[in-house]
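Listed below, chain by chain, are the residues.
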Amino acid sequence: RKSTPKNLLGSNLQEAAQTSEGDMMNLLVRKSTPLWRNLQCGYATPPVLAMHALVQEIHSTTSASDSDNQSTVSGQTQGALSGVRVLDLSRVLAGPICGQLLGDWGADVVKIEAPGKGDDTRQWQPPSVNGKHSSYFLGLNRNKRSVELDLKNSEGKELLLGLASKADIVIENFLTGSADKLGLGYHSMKKLNPGIVYVSISGYGSTGPLAKAPGYDFMAQALGGLMHITGPKEQPFKVGVAITDVLTGVSAAAAACAAMVHQRATGEGQHIETSLLETQVFALANHASNFLTVGKNAQRLGNAHESIVPYQVTIL
């Protein structure tokens, strides 16, 4: 669902602007819990306005109880995951799809974006709404609220860890090892929050020869065998949408929900790892089973099916 642009700060902008940067960050770190309640949302919150909005939010919710802080985003329908708090540190497609699904199911999702530019897909246009807001970004980030944080400085990291201490689920798709270098990996967050469900999405997993390589849907379709079975006999083709990214996000969301059942029963969190390559191999379905059971390699058959007839589609 598309958020409606609105006045992010109301009439208290001048009052918030008088808060010094140091005092502002101290307030943010010390009072991070209320940030889960009514964080400002919209197409894109400019970084300075976002910080002022957060300070206002903190001032207005200092006395709020934990039960109040778990209220859902204004206007959202209560869902199965109502009350679940999600920190979405991911960008581009697979991770945002995961966060979007959790938001669709009722979770309170806060998206953390890079200062100055936000998620890469904000720039992926045309098409766009009013020539400004990327349709690509809007299609992957509904039912979320957003704030810009610089995770490379100590203040930004401290604020993020404060939010993580109250979160149920964290989603990240940094290059393998980058979250740990920033002090934002699973073990760092587990120390603050033993019940955290930490979802890591990568191109090829955290171990192996390609662990450090960036993941791209096109490459995963090729390496995972999808292009080999897609298109006419003469030439392989990629699927028309970034389907491996999409499926990876869906599987990550399903795994996070399963981990939440365990967390609710035991209080223990989990570290979930999934990758584009793993997801794509899984998605080969009967083709993978054919090879594993009888050693049969798949072929490109266009619109035909190797086991069922009639199946071809004829365009008249």
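Each remark here, short or long, concerns the structure printed above.
Per chain, the residues get numbers from 1 upward, laid out in the order the sequence is written. Only residues with pLDDT of 70 or above have their local features reported here, since the model is predicted, and side-chain atom pairs are shown and tallied only from 80 upward, although totals for entire chains, interfaces and linings are computed over all residues. Water and hydrogen atoms were dropped before computing side-chain values, which therefore reflect all heavy atoms in the structure.

## Description of the pairing of strand β6 (residues 169-172)
Sheet faces and side chains relate simply in a regular strand, where the side chains alternate between the two faces.
Stage number 1. Exposure classes here rest on a 1.4 Å probe applied to the protein chains alone. A residue is buried below 20% of its type maximum, exposed above 50%, and partly exposed in between. For helices the rule is a DSSP run of H or I covering at least 4 residues; for strands it is a run of E covering at least 2, with both sets numbered from the N terminus onward. Covered by surrounding structure in β6 are Ile 169 and Ile 171 together with Val 170 and Glu 172, the residues of both alternating faces.
Stage number 2. Paired strands are those between which DSSP finds at least two bridges. Pairing of strand β1 (residues 85-88) with β6 involves three bridges; the strand directions are parallel. Looking across to β6, one finds that Leu 87 is bridged to Val 170.
Stage number 3. Of the strand pairs in this sheet, β6 and strand β7 (residues 197-202) are connected by four bridges, and their pairing is parallel. Each residue of the ladder has a partner; that of Val 170, found in β7, is Tyr 198.

## Considerations on the pattern of salt bridges
Stage number 1. A pair is scored as a salt bridge if a Lys or Arg side-chain nitrogen falls within 4 Å of a carboxyl oxygen belonging to Asp or Glu. Counted under the stated rule, the structure contains eight salt bridges.
Stage number 2. The closest approach of N and O atoms between Arg 91 and Asp 120, which form a salt bridge, is 3.0 Å. In this pair, Arg 91 is assigned in the loop between β1 and α5 (94-104) and Asp 120 in the loop between β2 (108-113) and β3 (128-129), connecting sequence segments 29 residues apart.
Stage number 3. For Arg 91, a relative accessible area of 44% corresponds to the partly exposed category.
Stage number 4. Accessibility expressed as a relative area gives 24% for Asp 120, which makes it partly exposed.

## What to know about the packing of aromatic side chains
Within a pair of aromatic rings, the relevant descriptors are the distance that separates the centres and the angle that separates the planes.
Stage number 1. When two rings of Phe, Tyr or Trp (its six-membered ring) have centres within 6.5 Å they constitute a pair, described as stacked for plane angles under 30 degrees, edge-to-face for angles over 60, and tilted for the intermediate range. Tallying each qualifying case throughout the model produces two aromatic pairs.
Stage number 2. Arranged with centres 4.9 Å apart and planes meeting at 75°, the rings of Trp 124 and Tyr 136 form a pair that is edge-to-face. A residue pair is termed long-range when its members are at least 10 positions apart, and Trp 124 in the loop between β2 and β3 and Tyr 136 in helix α6 (residues 135-138) qualify at 12 residues.
Stage number 3. Residue class for Trp 124 comes out partly exposed when judged on its relative accessible area of 40%.
Stage number 4. Take Tyr 136: its relative accessible area is 33%, and that puts it in the partly exposed class.
Stage number 5. As a reminder, the over-ring test applies to NZ of lysine and CZ of arginine, requiring each to be within 6 Å of the ring centre and within 35 degrees of the ring normal. When the ring centre of Phe 137 is taken as origin, the NZ or CZ atom of Arg 122, which lies over that ring, is 4.0 Å away.

## Section: the pairing of β1
Stage number 1. Of the two faces of β1, the one carrying Arg 85 and Leu 87 and the one carrying Val 86 and Asp 88 are both buried.
Stage number 2. Sheet topology note: the β1/β2 ladder contains four bridges and is parallel. Of the residues in β2, the one forming a bridge with Val 86 is Val 109.
Stage number 3. Seen with the strands pointing away from the viewer, any crossover whose path from the first strand over the helix to the second strand runs clockwise is right-handed. Taken together, β1, α5 and β2 form a β-α-β motif whose crossover is right-handed.

## Here's the deal with a nonpolar patch on the surface
Stage number 1. Two joining distances apply to patches: 9 Å for like charges and 5 Å for nonpolar side chains (Val, Leu, Ile, Met, Phe, Trp, Tyr), and every residue must have over 30% relative accessible area and no salt bridge. Note on areas: these come from Shrake-Rupley sampling with a 1.4 Å probe, and a residue is covered only by the protein chains present in the view. Among the surface-exposed residues, Leu 210, Tyr 216, Met 219 and Leu 223 lie close enough to one another that they form a single nonpolar patch of about 400 Å² accessible area.
Stage number 2. If you trace the backbone, Tyr 216 turns up in the loop between β7 and α10 (217-223).

## A few points about the sheet that holds β2
Stage number 1. Read from one edge of the open sheet, six strands run β5-β2-β1-β6-β7-β8, paired in parallel fashion. At either margin of the open sheet sits one strand with a lone partner, and together these are β5 (144-148) and β8 (270-275). Across the sheet, the mean angle from the axis of one strand to that of its neighbour is 20°, orientation sign disregarded.
Stage number 2. Note: β2 against β5, five bridges, orientation parallel. Fitting a line to C-alpha atoms yields each axis, with helices limited to the stretch in contact; the angle taken between N-to-C directions then spans 0 to 180 degrees.

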